[in-house]
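Below, each chain spelled out in residue letters.
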Amino acid sequence: MTAETTDREPGAPGPPAEDRRYEQRGWYFYDFACSVYSTSVLTVFLGPYLTSVARAAADSDGFVHPFGIPVRAGSLFAYSVSLSIVLAVLVMPLVGAAADRTGRKKPLLAAAAYVGAAATAGMFFLDGDRYLLGAFLLITANASLAVSMVLYNAYLPQIAEPDERDAVSSRGWAFGYTSGAFVLVLNLVLYGGHDSFGLSEGDAVRICLASAGLWWGAFTLVPLRRLRDRRVPQGGAASVGSGWRQLVSTLKDMRRHPLTLSFLLAYLVYNDGIQTVISQASVYGSEELGLEQTTLIVAVLLVQVLAVAGALTMGRLAQVYGAKRTILGSLAVWTLILVAGYFLPAGAPVWFFLLASAIGLVLGGSQALSRSLFSHLVPRGKEAEYFSAYEMSDRGLSWLGPLVFGLAYQLTGSYRDAIISLVAFFALGFVLLARVPVRRAVAAAGNPVPSRI
């Protein structure tokens, strides 16, 4: 295999199947690397731990005052997630434009991945009342993950033929959930038996947080070795100024594909709900339902295990019913999950486990199929630019859900009110997606229309 290839013209034959599979196997491993951050850090440990650190620094009314701004300690984590996404919004379009202009995705992917991994490993030093350090590391790691996913997702149209993408995307998610489940088992052993290891509960949490950063950095080496940069016809380096000019050009170009924009709008809305549920579930479980950290770990482990099967099963359903219909079905299930979560009794781990099982069955599939469906709507040669817009919808513009969640708690003091407010994101996203004529959208982007979509 050559070190570089030139992107082919539409309709031209793709790379040999053996070459595609070689890159696909490497591509899967970035999900394997970074999903541990999403699972162990963002979903399980950091929310409750950062909230406890903030409460240690709070005044008698339960508020901390970063830079003189009064913030309820219980809202700090949600606000930090929201701020990290705002930061990512400023960076992702420039990175996507630079990647498409130069064809050099790998160095940019490496930079984003290792900044995020280093920030995550630095969470080992989060103790006492260092809530500002925790917020800074969370913002840095979360923004870096979002930027790296722009570049990672942009490889999908280049390494998989149109009829392969649902399956390849689903396998990527399955790899991620597999690694998340494996590391969570190790976390559960360490956290549950911290006394026998001579560790305090806080020490065990900080080790679990830092180990996610080490895992992220170590397994990123696999995709960096197997994925290939593609030459682009125009060549040349991209400066910051040219990146902004390319961004403006991309936004203008996207106006020529209104159906692609319609899908992005629908995805922006319903994925905002998904991302908020993922990031705030542990806080809801610990603070509102009064569940132990061990219970939360087991519940998220259950999500990881079932998400592997869910992603692969929904990939097969998409081959029969089409990706759009399968995604719509998953959004209906998400709505029922939130309603059930609102009425979930406190101190009842069995019901929480049942809810986690339902989340696992739809989580991976709804995200994997959304990614593969969007890959059909991207004009050839603009993969990283368009996937930067997609990632802005995936993580970059998903600041509204955490903000609404945090504000709801700040105003009412009830996490139940915060969780039920997310139903609107899934209901509106369902309506918007149902209105998108996806077959016509694929043809309008200049791509071959799969037999089932």
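Residues numbered from 1 in each chain as written. Predicted model: local features only at pLDDT ≥ 70, side-chain atom pairs only at ≥ 80, totals over all residues. Heavy atoms only, no water.

Student: Explanation requested: the nonpolar core in the structure shown.
Tutor: Side chains of nonpolar character tend, in soluble globular proteins, to be buried together. Ranked by size, the top nonpolar core spans 136 residues in total, and within it Trp27, Leu46, Trp216, Phe263 and Trp334 carry the most contacts. Sort the elements by how many residues they give to this core and helix H1 (residues 17–56) lands first, with 17 residues. Contact partners of Phe263, with chain neighbours within four places excluded, come to Tyr270, Ser370, Leu373, Phe374, Leu377, Leu433 and Val436. (Core = buried A, V, L, I, M, F, W, Y, C linked by side-chain atoms within 4.5 Å. Buried < 20%, exposed > 50% of the residue type's maximum accessible area, 1.4 Å probe, protein only. Helix = DSSP H or I, 4+ residues; strand = E, 2+ residues; numbered from the N terminus. Contact = heavy atoms within 4.5 Å.)

Student: For this particular structure, what's the right way to read the environment of Asp31?
Tutor: Here Asp31 lies in helix H1. By relative accessible area, which is 2% here, Asp31 ends up buried. Between the alpha carbons of Asp31 and Gly176 there is a distance of 4.5 Å; along the sequence they are 145 residues apart. Other than its neighbours up to four places away in sequence, Asp31 contacts Tyr152, Gly172, Trp173, Gly176, Ser179 and Arg371. At a separation of 3.0 Å, a polar atom in the side chain of Asp31 contacts the side chain of Tyr152. (Polar contact = N/O pair within 3.5 Å; in protein donor to acceptor, adjacent residues only side chain to side chain.)

Student: Would you explain the environment of Arg171 in this entry?
Tutor: Residue position: Arg171 is located in helix H6 (residues 165–192). Sequence separation between Arg171 and Ala368 is 197 residues; the distance between their C-alpha atoms is 8.5 Å. The residues touching Arg171, leaving out its near neighbours within four places in the chain, are Tyr28 and Leu312.

Student: Please explain the packing of aromatic side chains as it appears in this structure.
Tutor: The geometry of an aromatic ring pair comes down to the distance between the two centres and the angle between the two planes. Counted by the stated rule, this structure contains 21 aromatic pairs. An angle of 15° between the planes, with centres 4.4 Å apart, marks the rings of Trp27 and Tyr152 as stacked. Taken together, the residues Trp27 in helix H1 and Tyr152 in helix H4 (residues 131–154) connect sequence positions 125 residues apart. The buried category is assigned to Tyr152, whose relative accessible area is 0%. Residues Phe263 and Phe374 carry aromatic rings whose centres are separated by 6.1 Å and whose planes lie at 20° to one another, so their mutual orientation is stacked. Of this pair, Phe263 sits in helix H10 (residues 258–288) while Phe374 sits in helix H13 (residues 349–375), placing them 111 residues apart in sequence. The exposure classification of Phe263 matches that of Phe374, with both residues buried. Here the aromatic cluster, defined as three or more aromatic residues joined through ring pairs, consists of Trp27, Tyr28, Phe29, Tyr30, Phe32, Tyr152, Phe175, Phe182, Trp215 and Phe219. Here the guanidinium or amino end of Lys105 rests over the ring plane of Tyr155, the centre of that ring lying 5.5 Å away. (Phe/Tyr/Trp six-rings, centres within 6.5 Å; stacked < 30°, edge-to-face > 60°. Lys NZ or Arg CZ within 6 Å of the ring centre and 35° of its normal.)

Student: What is the right way to read the pattern of salt bridges from this model?
Tutor: Two side chains bearing opposite charge may form a pair once their charged atoms approach each other closely. Counted under the stated rule, the structure contains eight salt bridges. A salt bridge links Glu164 to Arg20; the shortest N-O distance between them is 3.0 Å. Of this pair, Glu164 sits in the loop between helix H5 (156–159) and H6 while Arg20 sits in helix H1, and the two are 144 residues apart along the sequence. The exposure class assigned to Arg20 is buried, which follows from its relative accessible area of 12%. Note that Asp229 is salt-bridged to Arg104, the shortest N-O span being 3.9 Å. Of the two residues, Asp229 is situated in strand S4 (residues 229–231) and Arg104 in the loop between helix H2 (76–102) and helix H3 (105–121); the sequence distance between them amounts to 125 residues. Given a relative accessible area of 9%, Asp229 falls into the buried group. Arg104 gets classed as partly exposed once you look at its relative accessible area, which sits at 43%. (Salt bridge = Lys/Arg side-chain N within 4 Å of Asp/Glu carboxyl O.)

Student: How should I be thinking about the packing of helix H12 (residues 323–342) against helix H17 (residues 423–434) in this particular structure?
Tutor: Each pair of packed helices can be summarised by the angle the axes make with each other and by the distance between the axes. It is at 9 Å that the axes of H12 and H17 come closest, and there the two elements cross at 165°. Here H12 is positioned roughly antiparallel relative to H17, judged by the angle of their axes. In the crossing of H12 with H17, the sense of the turn from one axis to the other is left-handed. Counted together, Lys324, Ile327, Leu328, Leu331, Trp334, Thr335, Leu338 and Val339 of H12 and Val423, Phe426, Ala427, Gly429, Phe430, Leu433 and Ala434 of H17 form the full contact between these two elements. Residues that form the contact of H12 with H17 fall into these classes: twelve nonpolar, two polar and one charged. (Axes fitted to C-alpha atoms, helices over the stretch in contact; angles between N-to-C directions. Parallel < 35°, antiparallel > 145°, perpendicular 65-115°, else oblique. Left-handed = near helix turned anticlockwise from the far one by under 90°. Nonpolar A, V, L, I, M, F, W, Y, C, P; charged D, E, K, R; others polar.)

Student: Quick question: what am I supposed to make of H1 here?
Tutor: Since the α-helix packs 3.6 residues into each turn, any two residues three or four apart lie on the same face. For H1, with 40 residues, the first-to-last C-alpha span of 56 Å sits near the 58 Å given by 1.5 Å per residue. The sharpest bend along H1 reaches about 55° and sits at Phe45, with the proline Pro48 one to four residues further on. With 31 of 40 residues buried, H1 lies mostly within the body of the structure. (Expected span 1.5 Å × (residues − 1). Bend = angle between axes of the 7 residues up to and from the residue.)

Student: Just checking my understanding: could you explain unusual backbone geometry for this structure?
Tutor: Negative phi values dominate among residues other than glycine, just as trans dominates among peptide bonds. For Phe67, which is not a glycine, the phi torsion comes out positive at approximately 55°. Turning to its location among the elements, Phe67 is positioned in the loop between strand S2 (63–64) and strand S3 (71–72). With a relative accessible area of 76%, Phe67 lands in the exposed category.

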